[in-house]
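In case you want the letters, here they are:
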Number of protein chains: 2
Amino acid sequence: MSDYGSYFKALREAKSLTLREVEKQTGISNAYLSQLETGKVKQPSPLNLHKLAQLYEVPYETLMEKVGYPVPQNMEHLATREPVAAHGRLGALSDEEELELLDYLKFIRNRRR
Amino acid sequence: MSDYGSYFKALREAKSLTLREVEKQTGISNAYLSQLETGKVKQPSPLNLHKLAQLYEVPYETLMEKVGYPVPQNMEHLATREPVAAHGRLGALSDEEELELLDYLKFIRNRRR
DNA sequence: AAGCATTGCTAAATTTATCGAGCAAAGGTA
DNA sequence: TACCTTTGCTCGATAAATTTAGCAATGCTT
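As the structure is a prediction and not an experimental result, all values here were calculated from the model.

The rules behind each value
- Residues numbered from 1 in each chain as written.
- Chains lettered and ligands numbered in written order.
- Predicted model: local features only at pLDDT ≥ 70, side-chain atom pairs only at ≥ 80, totals over all residues.
- Heavy atoms only, no water.
- Near = heavy atom within 4 Å.
- Polar contact = N/O pair within 3.5 Å; in protein donor to acceptor, adjacent residues only side chain to side chain.
- Helix = DSSP H or I, 4+ residues; strand = E, 2+ residues; numbered from the N terminus.
- Nonpolar A, V, L, I, M, F, W, Y, C, P; charged D, E, K, R; others polar.
- Buried < 20%, exposed > 50% of the residue type's maximum accessible area, 1.4 Å probe, protein only.
- Contact = heavy atoms within 4.5 Å.
- Salt bridge = Lys/Arg side-chain N within 4 Å of Asp/Glu carboxyl O.

Draft legend 1. Structural detail: the protein's contact with DNA strand C. Within the structure, DNA strand C sits among 24 residues, and N30 and K40 of chain A together with Y32, K42 and Q43 of chain B are positioned closest to it. Between DNA strand C and the protein, one listed contact pairs a base nitrogen with a side-chain N or O atom of R20 of chain A at 2.9 Å. In this structure, S29 of chain B approaches DNA strand C through a main-chain N or O atom, which is 3.2 Å from a phosphate oxygen. Of all the elements in the fold, those that place two or more residues in the surface near DNA strand C are α1 (5–14), α2 (19–26) and α3 (30–37) of chain A together with α3 (30–37) of chain B. Grouping the amino acids of the surface near DNA strand C by side-chain chemistry returns 7 nonpolar, 11 polar and 6 charged.

Right, here's the structure in full:
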């Protein structure tokens, strides 16, 4: 199976923590932690990864990458990536669309007044 | 239950895509997509979120935040509303305005067809 | 040595993610 | 009108995440 289990175990041992101590700090059952460390878990939830990242003091993204989740781009990428307009629910807009929406937005805002 | 379903639905409709078209582009079953959009799914996998983010042209982090996953620290400000405000000429939008514009955008794009 | 707590682990149960099949409503087309 | 397709959705099945309970080995204390 997946083989990042030993990695998590190493992180825990580096802090000299016991499975049950980690359970207390994170709320994740020691049973599950054990399975995680012995390669019996494929994709732990991002929330649990985050908790472990905090406790073990490693970057959340590092753990996400370890378990095979897509990792968010770094800032440079985002900054360069096509239109900043590609945010929110509107998504990427062509110039014409943006102008038309701008017009409609004015209408919306003046509607009731 | 969680209620980000309508958000995904809005994203899909903004692109005038059908559930089965999204299925073809992402490999995610239309059955699951439907459940996702009708609030019957709690935590879709990061991988699926990533696929949808690509198709819908929204940041992966935004979707992660929507479904309640922790978002990497250095990305938080980008994942929230701010970018929408950075929407060139449109400026900052309220939720209601954004939804209404989304709806209008859909209309614009379907006008001819 | 006996008794007790700690530690890592597994087994079974529960919950959720995800898919395949198939159904009913809506649209078009002959 | 009858037929075929498309579309969103539900149902039932399978797999994986995560928990609770409990067990064996080790360690500590008397």
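Moving on from the model shown.
Draft legend 2. Broad picture of the side chain of R12 of chain B. All names here are of chain B. Mapped onto the fold, R12 is located in helix α1 (residues 5–14). For R12, a relative accessible area of 9% translates into the label buried. Aside from chain neighbours lying at most four places away, what touches R12 is L17, T18, L19, V22, E37 and Y56.

Draft legend 3. Structural view of the protein's contact with DNA strand D. Taken together, 23 residues are adjacent to DNA strand D, and Y32, K42 and Q43 of chain A together with N30 and K40 of chain B come closest. The separation between a base oxygen of DNA strand D and a polar side-chain atom of Q35 of chain A is 3.3 Å. In this structure, a phosphate oxygen belonging to DNA strand D sits 2.7 Å away from a side-chain N or O atom of T18 of chain B. Examining the composition of the surface near DNA strand D, we find that 4 residues originate from one element, α3 of chain B, more than from any other.

Draft legend 4. Broad picture of the pattern of salt bridges. One pass over the full model with this rule turns up 4 salt bridges over all chains. Of the charged contacts in the structure, one is a salt bridge between E37 of chain A and R12 of chain A, with a shortest N-O distance of 2.7 Å. Of this pair, E37 of chain A sits in helix α3 while R12 of chain A is found in helix α1, placing the two residues 25 residues apart along the sequence. Across the pair, exposure class does not vary: E37 of chain A and R12 of chain A are buried alike. In this structure, the salt-bridge partner of E57 of chain B is K15 of chain B, at a minimum N-O distance of 2.5 Å. Residue E57 of chain B is located in the loop between α4 (46–56) and α5 (60–66), and its partner K15 of chain B is located in the loop between α1 and α2 (19–26); the two are separated by 42 residues in the primary sequence.

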